[in-house]
Amino acid sequence: MTTLLTTQDVAHISQTLGLAEVFKRMVGYLEADYLRWAEFDKCARVASHSEDGVIELMPIADGELYSFKYVNGHPKNTKSGLPTVMAVGLLAEVATGRPELVSELTLTTAIRTAATSVMAAKALARKNSRSMALIGNGAQSEFQALAFHYLLGIEDIRLFDIEPAATAKLQRNLAGIPGLKLIPCQSTAEAVRGADIITTVTADKTNATIITPEMIEPGMHINGVGGDCPGKTEMHRGVLEASKVFVEFEPQSRIEGDLQQMPADFAVTEFWQVLKGISQGRENEQDITFFDSVGFALEDFSALRLLRDCARELGLGQDVALIPSMADPKDLFGQLSSTPAAPAQFTISRLAA
């Protein structure tokens, strides 16, 4: 049997353990997997682009487990009542190929993306950082704000979005969080002025320049989250030129990240090397560090492992027969006659209703 986790299950995990604990565990799983980077069979995600968005498949495997995430990015979806990002994922045994877990990943992607931002900032931002500018206050913004508050002690978060209603929504959702001060701003420049950390989470599929060089101050750390597919950026190239740039998986980031603006020989460091101590991150208090966060399959692998373990701990999930159970594994055809058909009366009554 395969375990199925729904959005309700993931919400139950967050409510039972507390979101702060979920973020803490997610960062732990991410760091553990990044530290064994060489054990993974890695590739850039497979993307199908259209005028309105992108649909992607993100696979990865180690010697024991294989995972993939199906995810889209369609900024216009909100006008028709759909999320910009929707995702599902699968975790399977490498030895047999048996699907172990199928799970929602829409909520979980927001959690793991925020945890990834925190993981990078732990290693790259100044240790006394207490303020952050959060540019883009849409679906993922609350997750970013809370992860930085709970895990890094960020106290002041300066907010800006081109749609004031998005900022108001974030303020409503996070009102009353102890020790967290939310400061709405009238522009990106106002929000980033004097901030220790800048996090950009914008959605439009366009080559935008949300952050420009004159906004950057010595010592800042920048998480660029929204520039995550070809033709979609958030940074002026001068921001990258002024920064020490860190990426997840370089072959993917050069195509999809803000890094796509730069020449092929522009120097970057894969983040796992910082965690392993192979490369240095921030060297001094004046360094400007930039994490070009496009989202990598390893992070979803970590997230699916965490969901599996939390579901076992809390007794969540539904066992579903996605794979036939056969006395004779070679007699697949026999499944056509051994599986009971749906009762006709039930079908008729449902249609009548």
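Rules used in this analysis
- Residues numbered from 1 in each chain as written.
- Predicted model: local features only at pLDDT ≥ 70, side-chain atom pairs only at ≥ 80, totals over all residues.
- Heavy atoms only, no water.
- Core = buried A, V, L, I, M, F, W, Y, C linked by side-chain atoms within 4.5 Å.
- Buried < 20%, exposed > 50% of the residue type's maximum accessible area, 1.4 Å probe, protein only.
- Contact = heavy atoms within 4.5 Å.
- Phe/Tyr/Trp six-rings, centres within 6.5 Å; stacked < 30°, edge-to-face > 60°.
- Helix = DSSP H or I, 4+ residues; strand = E, 2+ residues; numbered from the N terminus.
- Expected span 1.5 Å × (residues − 1).
- Patch = residues over 30% accessible without salt bridge, like charges linked within 9 Å, V, L, I, M, F, W, Y side chains within 5 Å.
- Areas by Shrake-Rupley, 256 points an atom, 1.4 Å probe, with all protein chains shown as cover.
- Salt bridge = Lys/Arg side-chain N within 4 Å of Asp/Glu carboxyl O.

Chemist: In this structure, what is going on with the nonpolar core? I would like to understand it.
Modeler: Buried together is how nonpolar side chains tend to be arranged in soluble globular proteins. Judged by nonpolar contacts, the single largest core of 66 residues is most densely connected at I157 and L174. Excluding residues that lie within four positions of it along the chain, I157 makes contacts with M132, L134, A145, L180, K181, L182 and I183.

Chemist: Would you explain the packing of aromatic side chains in this entry?
Modeler: Centre-to-centre distance and the angle between the planes together describe a pair of aromatic rings. Considering all chains together, one arrives at nine aromatic pairs under this definition. Considering the side-chain rings of W37 and F249, the 6.2 Å spacing of their centres and the 55° angle between planes classify their relative orientation as tilted. Taken together, the residues W37 in the loop between helix 2 (19–34) and strand 2 (46–49) and F249 in the loop between strand 14 (244–247) and helix 8 (250–256) connect sequence positions 212 residues apart. F249 carries the same exposure label as W37, and that label is buried.

Chemist: Looking at this structure, I do not really get the side chain of S253. What am I missing?
Modeler: In this fold, S253 is placed in helix 8. The residues touching S253, leaving out its near neighbours within four places in the chain, are V247, E248, L259, Q260, D292 and V294.

Chemist: Hey, could you run me through helix 2 in this one?
Modeler: Count 3.6 residues to each turn of an α-helix, and residues three or four apart come out pointing the same way. The end-to-end C-alpha distance of helix 2, which contains 16 residues, comes to 22 Å, matching closely the 22 Å that a straight helix rising 1.5 Å per residue would cover. Listing the buried residues of helix 2 in full gives V22, F23, M26, V27, Y29, L30, E31, D33 and Y34. Where helix 2 is buried, its residues meet helix 1 (7–17), helix 3 (106–124), helix 4 (141–152), helix 9 (271–276) and helix 10 (297–314).

Chemist: Explanation requested: a nonpolar patch on the surface in the structure shown.
Modeler: On the surface, a cluster of nonpolar side chains totalling about 410 Å² of accessible area is made up of V46, I55, L57, Y70 and V88. With respect to the secondary-structure elements, V46 resides in strand 2.

Chemist: Got a minute to help me understand the side chain of N77 in this structure?
Modeler: Position of N77 relative to the elements: it lies in the loop between strand 4 (65–73) and strand 5 (87–93). Classification of N77 by relative accessible area gives buried; the value is 12%. In this structure N77 touches N72, L82, P83, T84 and M86, once residues within four positions along its chain are discounted.

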